[in-house]
Every structure is written in structure tokens, then in C-alpha cells.
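Analysis of the macromolecular model
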Amino acid sequence: MTNSYNGLVHQTFDFPQEGLELKDGYLQFNGLDLKALIDKYGTPLKLTYLPKIGMQINKAKDMFAKAMKKHKYEGEYLYCYCTKSSHFSFVVEEALKHNINLETSYAYDIEIIKKLYEKKKITKDIYIVCNGFKQKGYIRRIAGLLNTGFKNVIPVLDNKEELQAY
């Protein structure tokens, strides 16, 4: 067993992973010198690599297409991006460029849906799966989507009383 961070990484993870490599002893992320970024901006440092979003969406779609073909599944697969994974507009809008649908899990997410519609980033035909525990405010906002013409809102019911609210 080694007692270094590098040793810990190699014992814990399959390293290097796609997009990560060591160059001159420093970590590179998709060709970016992380050391230079840390020297300039400090730590902690969070990066969002927008091209990776589309790559991962397409990877998931491809995996499902292959599995569906292999098992002769004739249904349709709709990729839903869960807004709680990142609420940042630039992330959600990047995901939307890849022909996806959306999943919400909280009342605030419905406000994101409304803003995306106002900005013409989505239409009222998009599938919106409404998951998560639904307090009254969340239920009201979901009903609001339904009542304003969103055609493919799918509330995941936690109890039968919710159905009456919709």
C-alpha cells in the first residue's frame, strides 16, 4: 500500500478515466491544464465541461438502443434529464440541445420549466416527468403546467389523493 494521494487514486479508481490524464505529473482534463487553472483561480475548483453533457446523453441513448434491439423491445425510449442534477441554465440548455425530455423533483423545478418555455428553449410538447415528494406547492405548480397546455406532463403519484388535484 502506498501512502500518497496518487497511490490512493490508483487503489480506489480506474485511473486514468476518459478525459483525464497525467502530463508532466499534473492532471489534465480534456486537454485543460488543471494546475494552471488552480494557480489562477484557487481551490476548490468546479468545472462544467459542456461537451461532456451531450456525450453522456448520446452514450445513454446508444446503450438503450442496443439493449432494446438485442431484446427486441419495440417500445420507445425517452431520455429525461433530471433538473436536480444541475439547475444551472447553461447546463440544462446544453442538455436540451440533444433532443431530451425533463424530470422534476421539487416545486422550484417547475419554475425552471416555465422559464425555459418563456425563453423558447422548450415547447409544450416536451415530456415532463414530475417525480419526488409532492408538497401542496409542487402539486399546484404541476397542475398549473397541465392547465396551461403542457401536453405531456406525467406526475408520478405518491398517493391517490394527488390524482384529484390534477
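So, how was this worked out
Residues numbered from 1 in each chain as written. Predicted model: local features only at pLDDT ≥ 70, side-chain atom pairs only at ≥ 80, totals over all residues. Heavy atoms only, no water. Salt bridge = Lys/Arg side-chain N within 4 Å of Asp/Glu carboxyl O. Buried < 20%, exposed > 50% of the residue type's maximum accessible area, 1.4 Å probe, protein only. Helix = DSSP H or I, 4+ residues; strand = E, 2+ residues; numbered from the N terminus. Pairing = 2+ DSSP bridges. Polar contact = N/O pair within 3.5 Å; in protein donor to acceptor, adjacent residues only side chain to side chain. Contact = heavy atoms within 4.5 Å. Expected span 1.5 Å × (residues − 1). Axes fitted to C-alpha atoms, helices over the stretch in contact; angles between N-to-C directions.

**With respect to the pattern of salt bridges**
- Throughout the structure, instances matching the rule amount to twelve salt bridges.
- A salt bridge links Glu94 to Lys97, with the nearest nitrogen and oxygen atoms 3.2 Å apart.
- Using a relative accessible area of 63% as the deciding quantity, one classes Lys97 as exposed.
- Here Glu118 ties to Lys115 by a salt bridge, and the two come within 3.5 Å at their closest N and O atoms. Here the residue Glu118 and the residue Lys115 both occupy positions in helix 5 (residues 107-118), the gap between them amounting to three residues, near one helical turn.

**Side note on the sheet that holds strand 1 (residues 20-23)**
- Strand order in the open sheet formed by three strands is 1-2-3, with antiparallel pairing between adjacent strands. The strands lining the two open edges of the sheet, one partner per strand, are strand 1 and strand 3 (32-33).
- Pairing of strand 1 with strand 2 (residues 26-29) involves four bridges; the strand directions are antiparallel. When the sheet's bridge partners are listed, Leu22 is paired in strand 2 with Leu27.

**Some thoughts on the side chain of Lys134**
- Tracing the chain through its elements places Lys134 in the loop between strand 6 (127-130) and helix 6 (136-147).
- Among the polar contacts made by the side chain of Lys134, one reaches the main-chain carbonyl oxygen of Val156 at a distance of 2.5 Å.
- Once residues within four sequence positions are removed from consideration, Lys134 is found in contact with Ile139, Ile142, Val156, Asp158, Glu162 and Tyr166.

**Let's talk about helix 5**
- Taking 1.5 Å per residue as the helical rise, helix 5 with its twelve residues ought to reach 16 Å, and the 18 Å between its terminal C-alpha atoms agrees with that figure.
- Its buried side turned inward, helix 5 meets helix 4 (89-96), strand 5 (101-104), strand 6 and helix 6.
- Following helix 5 by one or two positions, Lys120 has its phi on the positive side, about 60°.

**Side note on the sheet that holds strand 4 (residues 80-82)**
- Strands sit in the order 4-5-6-7 across an open sheet of four strands; the sheet is parallel. With one partner strand each, in any of the chains shown, strand 4 and strand 7 (152-155) form the two edges of the open sheet. Each neighbouring strand pair of the sheet contributes to a mean axis angle of 20°, computed without reference to strand direction.
- Where strand 4 meets strand 5, three bridges bridge the pair, whose relative direction is parallel. Residue pairing across strands places Tyr81 opposite Leu102, the latter belonging to strand 5.
- Together, strand 5, strand 6 and strand 7 form the strand contacts of helix 6, whose direction differs from that of strand 7 by roughly 155°.

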